[in-house]
Amino acid sequence: MRVLLVEDDPTLRAQLRTGLEEAGYVVDEADNGRDAHHLGAGGDFDAVILDLGLPVLDGISVLKRWRGAGSTLPVLILTARDSWHEKVAGIDAGADDYLAKPFHMEELLARLRALIRRAQGLASPLLQCGPLTLDTRSSRVTLNGQPVTLTSHEYRLLAYLMHRPGTVVSRSELTEHLYAQDFDRDSNTIEVFVGRLRRKLPAETIETVRGMGYKLVAPP
Ligand code: CA
């Protein structure tokens, strides 16, 4: 999952980036409202973490511009402590959720997971596809109740597909959402991970849709 992190405080931004990357997210960042607006309008993100107090252009204005342009990006705003009017203004501007500073990384990650799930119309943190279950809280996968051991790359690929069961996902979309810019974006990489997943799961779980990409189907 690819996240846009917008925060002008360098210390907090570095802490958040580390926490997000450890949780398996690919992170793009901005430290001012103008860059944030530009990145969010052009990029394909699974969610945005948006601080409201930003230089150049404030967070509320950034959010209003995205929403005004029809963007449905899931947005979690970061508000100053005890600032109830910021929360109200943020939600009215189109934020999906908010978190007041200071906060625990665990809470931010839980809210982010919920935001990404709800954007795909999924209510439960436990994603199910036939006998296959993926717990987004613990990053555990089971098949018929038996644990399946996956590497972090394999897990991220499977989690992305399990958020979109039955939908064809292209290789370029997977590359965009699963790997940082500096990752070796060789087109074969996705195929290698799909091949590994097929050996660990019933092979028919990940269907190749010729010329288009991959689709998750419920294994028998
Ligand atoms: Ca700030």
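Predicted model, so just to flag it, every value in this text is computed and none were measured.

1. Section: the environment of Leu112
Step number 1: The residue Leu112 is located in helix H5 (residues 105–119) in this model.
Step number 2: Counting along the chain gives 101 residues from Leu112 to Gly213, while the straight-line C-alpha distance between them is 26 Å.
Step number 3: Apart from residues lying up to four places away in sequence, Leu112 is in contact with Val3, Leu20, Tyr25, Ala47 and Ile49.

2. A few points about the nonpolar core
Step number 1: Core analysis: the biggest nonpolar cluster contains 47 residues, and Leu20, Tyr25, Ile49, Leu108 and Leu158 have the highest contact counts within it.
Step number 2: With 7 residues, helix H6 (residues 152–162) is the single largest residue contributor to this core.
Step number 3: Counting contributing residues, this core receives three or more from each of domain 1 (2–119) and domain 2 (126–216).
Step number 4: With 19 residues, the next largest nonpolar core counts Ile60, Val62, Val75 and Ala95 among its residues.

3. Thoughts on the domain arrangement of the chain
Step number 1: As far as domains go, the chain holds domain 1 (2–119) and domain 2 (126–216).
Step number 2: Between the C-alpha centres of domain 1 and domain 2 there is a distance of 26 Å.
Step number 3: Between domain 1 and domain 2, the contact holds 10 residues from the first and 13 residues from the second.
Step number 4: Taken as a group, Arg2, Val26 and Arg113 account for 48% of the area that domain 1 buries against domain 2, more than any other trio of residues on that side.
Step number 5: Of the charged contacts in the structure, one is a salt bridge between Arg164 and Asp46, with a shortest N-O distance of 3.2 Å.
Step number 6: Applying the counting rule to domain 1 against domain 2 returns 6 residue pairs in polar contact (both at pLDDT 80 or more).
Step number 7: Grouping the constituent residues of the side of domain 1 that touches domain 2 by class yields 3 nonpolar, 1 polar and 6 charged.

4. Brief notes about the packing of aromatic side chains
Each aromatic ring pair is specified by the distance between its two centres and by the angle formed by the two planes.
Step number 1: Enumeration over the complete set of coordinates arrives at 1 aromatic pair.
Step number 2: Against the face of Tyr160 rests Arg164, its NZ or CZ located 3.6 Å from the ring centre.

5. A short note on the environment of Arg198
Step number 1: Structurally, Arg198 can be placed in helix H8 (residues 188–200).
Step number 2: Note on Arg198: relative accessible area 24%, which makes it partly exposed.
Step number 3: If we ignore the near neighbours within four places in the chain, the residues touching Arg198 are Ala203, Ile206, Glu207, Thr208 and Tyr214.

6. Considering the pattern of salt bridges
Step number 1: On inspection of all chains with the given rule, the structure shows 14 salt bridges.
Step number 2: The closest approach of N and O atoms between Asp28 and Arg2, which form a salt bridge, is 3.1 Å. Pair noted here: Asp28 is in strand S2 (residues 26–30) and Arg2 is in strand S1 (residues 2–6), with a separation of 26 residues, a long-range link. With respect to burial, Asp28 and Arg2 carry one shared label: buried.

7. Regarding the coordination of the calcium ion
Step number 1: Protein coordination at the calcium ion comes from Asp8 (OD), Asp51 (OD) and Gly53 (O), with a distance range of 2.2 to 2.4 Å.
Step number 2: Within one chain, the residues donating to the calcium ion are spaced in sequence as D-x42-D-x1-G. A residue pair is termed long-range when its members are at least 10 positions apart, and Asp8 in the loop between S1 and helix H1 (10–22) and Gly53 in the loop between strand S3 (47–51) and helix H3 (59–68) qualify at 45 residues.

8. Brief notes about the environment of Cys129
Step number 1: With respect to the secondary-structure elements, Cys129 resides in strand S6 (residues 126–129).
Step number 2: Its relative accessible area of 6% is what places Cys129 among the buried residues.
Step number 3: Residues Cys129 and Leu143 lie 14 residues apart in sequence; the distance between their C-alpha atoms is 9.6 Å.
Step number 4: Dropping the residues within four chain positions of it, Cys129 is found in contact with Met162, Leu216, Val217, Ala218 and Pro219.

Conventions and cut-offs
- Residues numbered from 1 in each chain as written.
- Predicted model: local features only at pLDDT ≥ 70, side-chain atom pairs only at ≥ 80, totals over all residues.
- Heavy atoms only, no water.
- Helix = DSSP H or I, 4+ residues; strand = E, 2+ residues; numbered from the N terminus.
- Contact = heavy atoms within 4.5 Å.
- Core = buried A, V, L, I, M, F, W, Y, C linked by side-chain atoms within 4.5 Å.
- Buried < 20%, exposed > 50% of the residue type's maximum accessible area, 1.4 Å probe, protein only.
- Domains from an automatic or database assignment.
- Buried area = accessible area lost by both parts, 1.4 Å probe.
- Salt bridge = Lys/Arg side-chain N within 4 Å of Asp/Glu carboxyl O.
- Polar contact = N/O pair within 3.5 Å; in protein donor to acceptor, adjacent residues only side chain to side chain.
- Nonpolar A, V, L, I, M, F, W, Y, C, P; charged D, E, K, R; others polar.
- Phe/Tyr/Trp six-rings, centres within 6.5 Å; stacked < 30°, edge-to-face > 60°.
- Lys NZ or Arg CZ within 6 Å of the ring centre and 35° of its normal.
- Donors = N, O, S within 2.8 Å, 3.2 Å for Na, K, Ca; no water.

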